[in-house]
Amino acid sequence: MAEFRWRLRMAAAQREVWTGAQLRRLLADKAGLELSSASISALMTQQPSQIKLATLAALCQALDCTANDLLELDTTTDIGNGTPSTPVTQEPLRAAAGQERSRAARNTPPPF
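Caption draft 1: Region of the structure containing the side chain of aspartate 74. Summarising the element assignment, aspartate 74 is placed in strand β2 (residues 71–74). One polar contact links aspartate 74 to arginine 5, side chain to side chain, over a distance of 2.5 Å. Once residues lying within four places of it in the same chain are set aside, the contact partners of aspartate 74 are Ala2, Glu3 and Arg5.

Written out as structure tokens, the structure reads:
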């Protein structure tokens, strides 16, 4: 089974955002989202078990990135026993969204 890796710290560092205080200010200024210092600290230091889509969107807006920059899908490890499994190629979220737009442009129904 695949698992996600939370890469907020890496995405923030690539944009020279090094502290939770910097990220908190960015979220407030660019996305209008006010989070507590404790919430920011938790997001920066540990992988969340769940996250609101509004928070994910605000992080993307504040850091000028996509969800692909914050979440990495690891399909090489079986969560149940920690053994490698057969890798599965995952298309980036951007590509999937583009496919929906192109399908809509062709006026064909989705394959599901």
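That shown, we press on.
Caption draft 2: Region of interest: helix α2 (residues 20–31). Its 12 residues place the ends of α2 15 Å apart at the C-alpha level, agreeing with the 16 Å of an ideal helix rising 1.5 Å per residue. Directly after α2, the chain includes glycine 32, whose backbone phi takes a positive value near 70 degrees.

Caption draft 3: Molecular detail of unusual backbone geometry. Phi angles above zero are rare outside glycine, and glutamate 16 is one such case at about 60 degrees. Of note, the phi angle at aspartate 64 is positive, near 55 degrees, even though the residue is not glycine. Note on placement: aspartate 64 falls in the loop between α4 (53–63) and α5 (67–70). Relative accessible area serves as the criterion here: at 66%, aspartate 64 is assigned to the exposed category.

Caption draft 4: Broad picture of the nonpolar core. The biggest cluster of nonpolar side chains holds 20 residues, and the ones touching the most others in it are Trp6, Leu8, Leu23, Leu27, Leu59, Leu63 and Leu70. Of all the elements in the fold, those that place two or more residues in this core are α1 (8–14), α2, α3 (37–45), α4 and α5. By residue number, the principal contributor to this core is α4, which donates 6 residues.

Caption draft 5: Representation of the environment of leucine 63 in the model. Its place among the elements puts leucine 63 in helix α4. Exposure remark for leucine 63: the relative accessible area of 3% places this residue in the buried category. In this structure the C-alpha to C-alpha distance between leucine 63 and glutamate 16, which are 47 residues apart in sequence, comes to 9.8 Å. If near-sequence neighbours (up to four positions away) are discounted, leucine 63 is found in contact with Leu8, Ala12, Arg15, Val17, Leu23, Leu26 and Leu70.

Caption draft 6: View of the pattern of salt bridges. Inspection of the entire model under this criterion finds 4 salt bridges. Glutamate 72 is the partner of arginine 5 in a salt bridge, and the nearest nitrogen-oxygen pair spans 3.3 Å. A residue pair is termed long-range when its members are at least 10 positions apart, and arginine 5 in strand β1 (residues 3–6) and glutamate 72 in strand β2 qualify at 67 residues. The class for glutamate 72 is partly exposed, based on a relative accessible area of 31%. Among the ionic pairs, arginine 7 bridges to glutamate 72, the shortest N-O distance being 3.8 Å. Of the two residues, arginine 7 is situated in the loop between β1 and α1 and glutamate 72 in strand β2; the sequence distance between them amounts to 65 residues.

Cut-offs and rules
- Residues numbered from 1 in each chain as written.
- Predicted model: local features only at pLDDT ≥ 70, side-chain atom pairs only at ≥ 80, totals over all residues.
- Heavy atoms only, no water.
- Helix = DSSP H or I, 4+ residues; strand = E, 2+ residues; numbered from the N terminus.
- Polar contact = N/O pair within 3.5 Å; in protein donor to acceptor, adjacent residues only side chain to side chain.
- Contact = heavy atoms within 4.5 Å.
- Expected span 1.5 Å × (residues − 1).
- Buried < 20%, exposed > 50% of the residue type's maximum accessible area, 1.4 Å probe, protein only.
- Core = buried A, V, L, I, M, F, W, Y, C linked by side-chain atoms within 4.5 Å.
- Salt bridge = Lys/Arg side-chain N within 4 Å of Asp/Glu carboxyl O.

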